[in-house]
Amino acid sequence: MSSSPAIEVRDLRKSYGEVEAVRGIDFHVARGEIYGMLGPNGAGKTSTVEILEGYRTRSSGSVSVLGHDPQARPRELRRRVGIVLQSSGIYSQVRVAEVVAHFAGFYPRPRDVDEVLELVGLQEKADERARALSGGQLRRLDLALALIGDPELIFLDEPTTGFDPEARRAAWETIRALQSLGMTVLLTTHYLEEAQALCDRVAIVKDGRVLAVGPPRELGVGAAHYTVAWREPGGELLVRETDDPTALLHELTGAALARGVRLEELAVTRPTLEDVYLELTADE
Amino acid sequence: MSDVALAWSQYRLERRLFWRNPSAAFFNFVLPLLFLAAGGAILGSNQAQLAKLVPAIAGMSVMSTTFTALAYNIVFLRERGILKRIHGSPLPTISYFGGVAANAVTNTAMQIVIVVLVGKLIFGLPWPPEPGLLVLFVLVGVVCFAALGVAFAHVIPNFESTAAYVNAVFLPVVFVSFYVFDSASAPQFLRTIAEALPLYPLIHGLSGAMVTGTPASSLLDSLAVILIWGIFGIYVAVRGFTWEQRRS
């Protein structure tokens, strides 16, 4: 049971009237994994995630979340997942610890309220009313409400959009902590560095399709090449692309040594996630 | 927790939040008192007129605490994304709406008690001669107007326009019902309209229960009209319900 994937999606499609927002997406998320969906706004990330969360029906394809079809909205499934929506409100008069404790009552085996508030960094705001919280604090309350039921799987739809860099790093720490608690995380983001810093695997999504999947460090290595660059003694910058940098370097350095010159600014680079992302999502 | 225990938990949260919003709590109790005071000041010691004012205000209280309050609340919760969050949690729909409806019913019950007490202690009317019938009409009225309030929320496109939409229904319905109930010489077409809407039959029934001591058997027509509106309200409330802000 626990070896089966947390999420399995096959040929998922979703149309709104004439508009096809999701055009045949396939992916799976393993248990305990932080999986990222990276793509520009309007790529179909939120549509896909909201189908997995049970908010939307799919037009076609098959979807399994913790062994359930989310479209049937079984309560058993809602007890085992946590959802942080892109935006959602809360009663303005409610106190932080009060609403977290209220939500705890929905679940068979909730986590401890104080422990969850500490995990998201709101322990000092426990008695504040929601209307007194800043935007970032409300986002942490969203996370606390999603965590209180001790979910196996948590959905984070653009969890750090609008955060300053420091708050973003703090949020990443929290998300890593979720993984160490044994949770599976599916997050969407349009921040490259977020995908790179957090995700075990990333799916690059555009126009309702998955363009590439893999660990952020390996993504695109098969498609693009190594780049070797150096400056000639004459001052000219040369760049060569190769699949085998070992042989190329041997040839270059051998020739340089024979001539008694230095290869200034010699560098071997692999395409970064950013290069791959920009190449894949570029408009033709 | 069982579905009932979850409804109770939701009810307790709704009550706490209600008291934390002082202006809403204030208007909930002061509004019927204001209407009674204004009516009492105009009618002086005319007992026959006061005996009509009290059930009319009681009927209006049922409508404002359920229809108006729920239409406002549902639109607010939907537009703020609170409904969507609840919908994604394991809280059963029946428990959620059980708690929300019980909260509205509590406000209705408190207002009816206030209206009855003012009628007895200030206007010198007798205690309601048919208390069982009073409870029955309040209950049926609550179910009908609560359902219509939730159904009507579906029509309201955004929170900013809620007041306009709600008052466009509430004020004319209250006006025509009060006028027809008060004036024996009201034109027949207005009487026909009022009798087909749910508020006039409710006031008529409450008057029978609170003032004239009419037997239930002669109020069956009124009961039937309220029930038919209630069934229509429930149908539209359930079928048309949306948990999310509409994408525009």
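Structure first, text after, so check above.
Note that this is a predicted model, so its numbers are computed, not measured.

Our focus in this paragraph is the overall build of chain A. Looking only at helices and strands, chain A has nine helices and twelve strands in total. Reported as C-alpha extents along the three principal axes, the dimensions of chain A are approximately 75 × 45 × 35 Å. With 284 residues in all, chain A has 37% of them scored as buried. In chain A, once contacts between residues fewer than 6 apart in sequence are set aside, the share between residues at least 24 apart is 65%.

Turning next to the overall build of chain B. Along its length, chain B carries ten helices and zero strands. Going from the N terminus to the C terminus, chain B shows its helices and strands as α-α-α-α-α-α-α-α-α-α. Computed over its C-alpha atoms, the radius of gyration of chain B comes to 18 Å, within 12% of the 18 Å expected for a compact globule of 248 residues. Counting only C-alpha atoms and orienting by the principal axes, one finds that chain B spans roughly 55 × 35 × 35 Å. A total of 248 residues make up chain B; the buried ones form 42% of that total. Contacts in chain B between residues far apart in sequence, at least 24 positions, make up 80% of those at least 6 positions apart.

It is worth spelling out the sheet that holds strand S8 (residues 201–206) of chain A at this point. Residue and element names in this part refer to chain A. Taking strand neighbours across the sheet as the criterion, the six strands line up as S5-S6-S7-S3-S8-S9 in an open arrangement whose pairing is mixed. Strand pairing shows two members of the sheet lacking a second neighbour, strand S5 (81–84) and strand S9 (209–214), which therefore form its edges. Strand-to-strand twist across the sheet, computed as the mean angle between neighbouring axes with direction ignored, equals 15 degrees. Relative to strand S7 (residues 184–189), strand S3 (residues 34–38) runs parallel, the two being bridged by five bridges. Following the sheet pairing, Gly36 is matched in S7 by Leu187. On the sheet, helix H5 (residues 135–147) packs against S5 and strand S6 (153–157) and is oriented at approximately 165 degrees with respect to S5. Along the sheet, helix H6 (residues 165–180) contacts S3, S6 and S7; its crossing angle with S7, the most-contacted strand, is approximately 150 degrees.

Bringing the interface of chain A and chain B into the picture now. Contact residues are listed per partner, giving 19 residues for chain A and 17 residues for chain B. Those elements that place two or more of their residues in the side of chain A that touches chain B are helix H2 (75–80) and helix H3 (96–104) of chain A. Across the side of chain A that touches chain B, the residue classes tally to nine nonpolar, six polar and four charged.

Before going further, it helps to spend a moment on the nonpolar core. Within the largest apolar cluster, 128 residues are counted, with the highest numbers of intra-cluster contacts made by Val100, Ala144, Ile154, Phe155 and Val185 of chain A together with Ala71 and Ala146 of chain B. Contact partners of Ala146 of chain B, with chain neighbours within four places excluded, come to Thr66, Leu70, Ala101 and Ala104 of chain B.

In this section: the pairing of strand S1 (residues 7–16) of chain A. Within a regular strand, side chains alternate between the sheet's two faces. All names here are of chain A. Bridge count between S1 and strand S4 (residues 60–65): five bridges; the pairing is antiparallel. Bridging across to S4, Glu8 finds its partner in Ser64. In the sheet, S1 pairs with strand S2 (residues 19–29) via eight bridges, with the strands oriented antiparallel. Bridge pairing in S2 links Lys14 to Val22. Where S1 folds back on S2, the antiparallel hairpin that results is connected by two residues, among which Gly17 adopts a positive phi of roughly 60 degrees.

All names here are of chain B. Following the sequence through the fold, Phe170 ends up in helix H7 (residues 162–182). Separated by 16 residues in sequence, Phe170 and His154 place their C-alpha atoms 16 Å apart. Those residues in contact with Phe170, other than ones at most four positions away along the chain, are Met63 and Thr68.

All names here are of chain A. Of all the positions in helix H4 (residues 113–120), only Val113, Val116, Leu117 and Val120 are classed as buried. On an axial view of H4, the arc spanned by its buried residues comes to 100 degrees, and they lie on one face. Lining the buried residues of H4 we find H3, H5 and H6. Where H4 terminates, the next one or two residues include Gly121, which has phi positive at roughly 80 degrees.

Residues and elements named next belong to chain A. Unlike most non-glycine residues, Asp11 shows phi in positive territory, near 45 degrees. If you trace the backbone, Asp11 turns up in strand S1. The backbone of Glu265 shows a phi angle near 60 degrees, a positive value even though the residue is not glycine. As for its position among the elements, Glu265 is in strand S12 (residues 264–269).

On to the environment of Arg16 of chain B, then. Inspection of the secondary structure puts Arg16 of chain B in helix H1 (residues 3–20). In sequence terms Arg16 of chain B and Leu219 of chain B are 203 residues apart; their C-alpha atoms lie 37 Å from each other.

To continue, consider the packing of H7 of chain B against helix H8 (residues 188–196) of chain B. Residues and elements named next belong to chain B. Here H7 crosses H8 at 115 degrees, and the two axes come no closer than 9 Å. Like other packed secondary-structure pairs, H7 and H8 cross with a definite hand, here left-handed. From H7, Val176, Ser177, Tyr179 and Val180 reach across to H8, where they touch Leu190, Arg191, Ile193 and Ala194.

A few words now on the sheet that holds S4 of chain A. All names here are of chain A. Strand order in this open sheet of three strands is S2-S1-S4, and the pairing throughout is antiparallel. Looking at which strands have only one partner, the edges of the open sheet turn out to be S2 and S4. Averaged over all adjacent pairs, the angle separating strand axes in this sheet is 25 degrees, with direction ignored. In the packing of helix H1 (residues 45–53) onto the sheet, contacts are made with S1, S2 and S4, and the angle to S1 comes to roughly 115 degrees.

With that out of the way, let us pick up the pairing of S9 of chain A. Residue and element names in this part refer to chain A. The pairing of S8 with S9 spans five bridges and is antiparallel. Counterpart to Ile204 in the pairing with S9 is Ala212. Here S8 folds back onto S9 in antiparallel fashion, the turn holding two residues, of which Asp207 has a positive phi close to 50 degrees.

What follows deals with the packing of helix H6 (residues 131–153) of chain B against helix H9 (residues 199–212) of chain B. Residue and element names in this part refer to chain B. Running from N to C, H6 and H9 point in directions that differ by 160 degrees, and their axes come no closer than 8 Å. Compared by their axis directions, H6 and H9 come out roughly antiparallel. Handedness of the H6/H9 crossing: left-handed. Across the interface between the two elements, Leu133, Leu134, Phe137 and Gly141 of H6 pack against Leu202, Gly205, Leu206, Gly208, Ala209 and Met210 of H9. Here the contact of H6 with H9 is composed, by residue class, of seven nonpolar, three polar and no charged.

Basis of the calculations
Residues numbered from 1 in each chain as written. Chains lettered and ligands numbered in written order. Predicted model: local features only at pLDDT ≥ 70, side-chain atom pairs only at ≥ 80, totals over all residues. Helix = DSSP H or I, 4+ residues; strand = E, 2+ residues; numbered from the N terminus. Buried ≥ 20, exposed ≤ 12 C-beta atoms within 10 Å, placed from the backbone. Contact = placed C-beta atoms within 7 Å. Rg over C-alpha atoms; globule rule 2.2 N^0.38 Å. Pairing = 2+ DSSP bridges. Axes fitted to C-alpha atoms, helices over the stretch in contact; angles between N-to-C directions. Nonpolar A, V, L, I, M, F, W, Y, C, P; charged D, E, K, R; others polar. Core = buried A, V, L, I, M, F, W, Y, C linked by C-beta atoms within 7 Å. Arc of directions from axis to C-beta. Left-handed = near helix turned anticlockwise from the far one by under 90°. Parallel < 35°, antiparallel > 145°, perpendicular 65-115°, else oblique.

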